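# Residue-level structural notes
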Amino acid sequence: LLSVILGRAGLGTVFYFAAAYDCRVQCSPCSGAGKIRAGSKGPDEQESATVVFQADVAAFVDLVLKNLDEPSPALAEDIRARGAEIKMRCEGKLGRKKSRIKSDKEKEKADRDKEKAEKEKEKAEKEKEEREGKRTASVSGSPLVVTAKKMKIDDVPFPRHHYDQMKLPCQWVRVEREYESKELKHRAAIVNELLETETGYVRDLGVLIGLYLKPLQHEFSGLIADFDMNRLFKNVEYLLGVNVELLERLQVEEKKPQEEQRIGNVFLDMIGKLAKYNAYSANNDIAASTLEKLMQENSTFASFVEKVHCMDESRQQDLNSYIIKPFQRICRYPLLIKELHKHTPEEWEEKQMLADAMEQISSTVKGANEAKRVTESLYQMVELQNSFVKPEGELKQLHKHKLVAMDELKRVTKSKTAKCRCILFENMLVLAKPVAGGKLDQSEMIPLEQLLVCPEPDSKVSVNNFAIMIPTSKRAKIVMSAPSAEKRDEWMQLLVSIMKEKACAPPTPPLVE
């Protein structure tokens with residue numbers, strides 16, 4: 001602009017533009033008309049001055065016109081027109097720059113908002129997957145994987161490949177043969193029954209493992225907790241291996257002539273492995289209670305069980321029926337061996353082997369029943385202990401005590417009765433008050449050594465009464481009411497008999513350090 005102005009004015013003047021300091025234009029003589037010199041300012045100052053110049057071109061034009069000696073109207077108009085043109089050009093550049101900066105900022109903000117929205121969407125989808133379940137499947141036909149309880153079982157194909165890959169035996173087919181006597185024919189029928197039922201039992205274990213256990217371990221993993229899996233199935237996979245071996249060996253013996261068969265020897269050889277049934281039998285009631293609880297509380301698991309129940313392989317038998325089969329099978333062996341022994345000729349070597357096998361297998365079954373009884377008792381004690389709201393003292397160690405009897409009676413006061421759970425152990429009587437949620441609140445815990453029992457007359461509020469006397473307690477007398485006279489007499493006899501046993505029992509020897 002200065003070049004244009006000075007060139008058109010024809011003046012030998014150099015303008016020093018010091019707008020960065022005082023926004024004045026100074027004129028001074030200099031050779032080289034039409035040239036501009038920045039003076040002694042540094043680069044930053046020059047740029048600063050230029051910025052001020054761009055921002056106020058009109059003021060600069062006015063200063064130029066004031067410093068000219070009477071410029072002609074045409075020159076003044078030309079200078080103003082040039083100034084306006086430069087101003088418009090500068091404003092346009094600045095506007096575009098500001099617009100570009102604004103656009104960039106808006107774009108960055110939009111990108112940030114988009115990224116934030118994507119993260120929120122991803123988080124929401126993840127939470128939805130955790131709530132509703134996660135399903136994956138491959139095109140190769142491998143089964144789907146279910147990792148959540150809320151998955152609908154009918155929405156996914158059932159993984160039958162576990163069952164199909166087990167190579168279970170076919171149903172046993174009896175072979176009709178001729179026998180020398182009715183006794184030997186009867187014996188052959190028992191052997192066939194043993195093989196037929198053993199084959200069916202192995203196939204039942206295949207259903208329990210292939211259609212229930214394996215899918216719950218893999219495709220439906222997480223549907224129930226690991227400790228519930230152990231409670232339901234225990235060591236059933238090991239038992240399957242035992243009975244597959246037993247069946248194969250029995251099939252080999254059946255093909256031999258009757259006199260050469262050594263079925264008793266097969267059972268004697270397998271007795272150590274059959275002893276593993278004790279662990280499974282001990283868990284039987286725990287498995288039943290666990291299954292009942294899961295069926296009530298886990299609707300997805302209940303749907304899974306129902307789906308398997310409807311399959312042809314299940315033969316309309318439910319899961320509980322399959323769980324109890326191992327215990328039923330081990331209890332049946334003594335009966336089959338006894339029948340086989342009964343119809344085996346005395347002179348055969350097999351006769352003594354069957355007698356030994358019957359003794360051994362009966363001992364195993366007895367052990368299984370005892371283990372089952374002990375486990376049931378222990379489980380009952382644990383459940384009873386957990387039913388107390390705040391167990392204190394001996395109530396925290398009920399597994400160390402033997403339960404004798406437990407009934408719902410009533411505790412009698414002068415004007416009313418209240419429900420009371422009477423729990424009799426071999427060394428103490430616990431009176432507990434039922435509270436909300438099926439829980440119990442401890443009222444009294446009385447050592448049997450301090451207890452006396454006597455009849456109590458009926459009152460206006462109760463009948464079938466008996467009194468518990470506690471001489472060492474502030475409450476010297478507690479009146480209880482039974483639902484019937486028979487129940488009252490039963491409780492009184494129990495208490496008296498246990499106290500007599502305590503009185504006759506020899507004193508416990510002191511502990512030796």
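As a starting point, this report considers the structure included with it.

Cut-offs applied
Residues numbered from 1 in each chain as written. Predicted model: local features only at pLDDT ≥ 70, side-chain atom pairs only at ≥ 80, totals over all residues. Heavy atoms only, no water. Pairing = 2+ DSSP bridges. Helix = DSSP H or I, 4+ residues; strand = E, 2+ residues; numbered from the N terminus. Axes fitted to C-alpha atoms, helices over the stretch in contact; angles between N-to-C directions. Salt bridge = Lys/Arg side-chain N within 4 Å of Asp/Glu carboxyl O. Parallel < 35°, antiparallel > 145°, perpendicular 65-115°, else oblique. Left-handed = near helix turned anticlockwise from the far one by under 90°. Contact = heavy atoms within 4.5 Å. Nonpolar A, V, L, I, M, F, W, Y, C, P; charged D, E, K, R; others polar. Core = buried A, V, L, I, M, F, W, Y, C linked by side-chain atoms within 4.5 Å. Buried < 20%, exposed > 50% of the residue type's maximum accessible area, 1.4 Å probe, protein only. Polar contact = N/O pair within 3.5 Å; in protein donor to acceptor, adjacent residues only side chain to side chain.

This paragraph deals with the sheet that holds strand β8 (residues 440-447). Spatial ordering of the open sheet is given by β8-β7-β6-β5-β11-β10-β9, a layout of 7 strands whose pairing is antiparallel. Strand pairing shows two members of the sheet lacking a second neighbour, β8 and β9 (452-455), which therefore form its edges. Direction aside, neighbouring strands of the sheet carry axes that sit 35° apart on average. Note: strand β5 (residues 403-412) against strand β6 (residues 417-425), 9 bridges, orientation antiparallel.

With that out of the way, let us pick up the pattern of salt bridges. If you walk through the whole model with that rule in mind, you get 18 salt bridges. One salt bridge in this structure joins R187 and E350, with 3.7 Å as the shortest N-O distance. In this pair, R187 sits in helix α6 (residues 182-217) while E350 sits in helix α14 (residues 350-387), placing the two residues 163 residues apart along the sequence. A salt bridge links E408 to R421; the shortest N-O distance between them is 2.2 Å. Of this pair, E408 sits in strand β5 while R421 sits in strand β6, and the two are 13 residues apart along the sequence. Overlapping salt bridges, with partners in common, bring together D204, R315 and K325 in one network.

Phi is positive for K167, close to 55°, though the residue is something other than glycine. On the secondary structure map, K167 appears in the loop between α5 (161-164) and α6.

This next bit is on the packing of helix α9 (residues 263-274) against helix α13 (residues 319-342). Remark: α9 packs on α13, axes separated minimally by 12 Å, with the N-to-C direction vectors making an angle of 160°. Comparing the axis directions of α9 and α13 gives the class roughly antiparallel. Seen from above, α9 lies across α13 with left-handed handedness. Of the residues in α13, those touching α9 at I263, F267 and L274 are I330, Y333, I337 and L340. Broken down by class, the residue content of the contact of α9 with α13 amounts to 7 nonpolar, no polar and no charged.

This part is about the nonpolar core. Judged by nonpolar contacts, the single largest core of 62 residues is most densely connected at F233, F267, F301 and F304. Counting residues per element, this core draws most heavily on α6, at 14 residues. If near-sequence neighbours (up to four positions away) are discounted, F304 is found in contact with I153, F158, L211, Y212, P215, L216, F220 and L223. Core analysis: the next-biggest nonpolar cluster, separate from the first, contains 22 residues, L451, A482, W491 and L495 among them.

Among the secondary structure elements, D489 is positioned in helix α15 (residues 485-504). Distance in space between the C-alpha atoms of D489 and N465 is 9.7 Å, their sequence separation being 24 residues. A polar atom in the side chain of D489 sits 3.3 Å from the side chain of R488.

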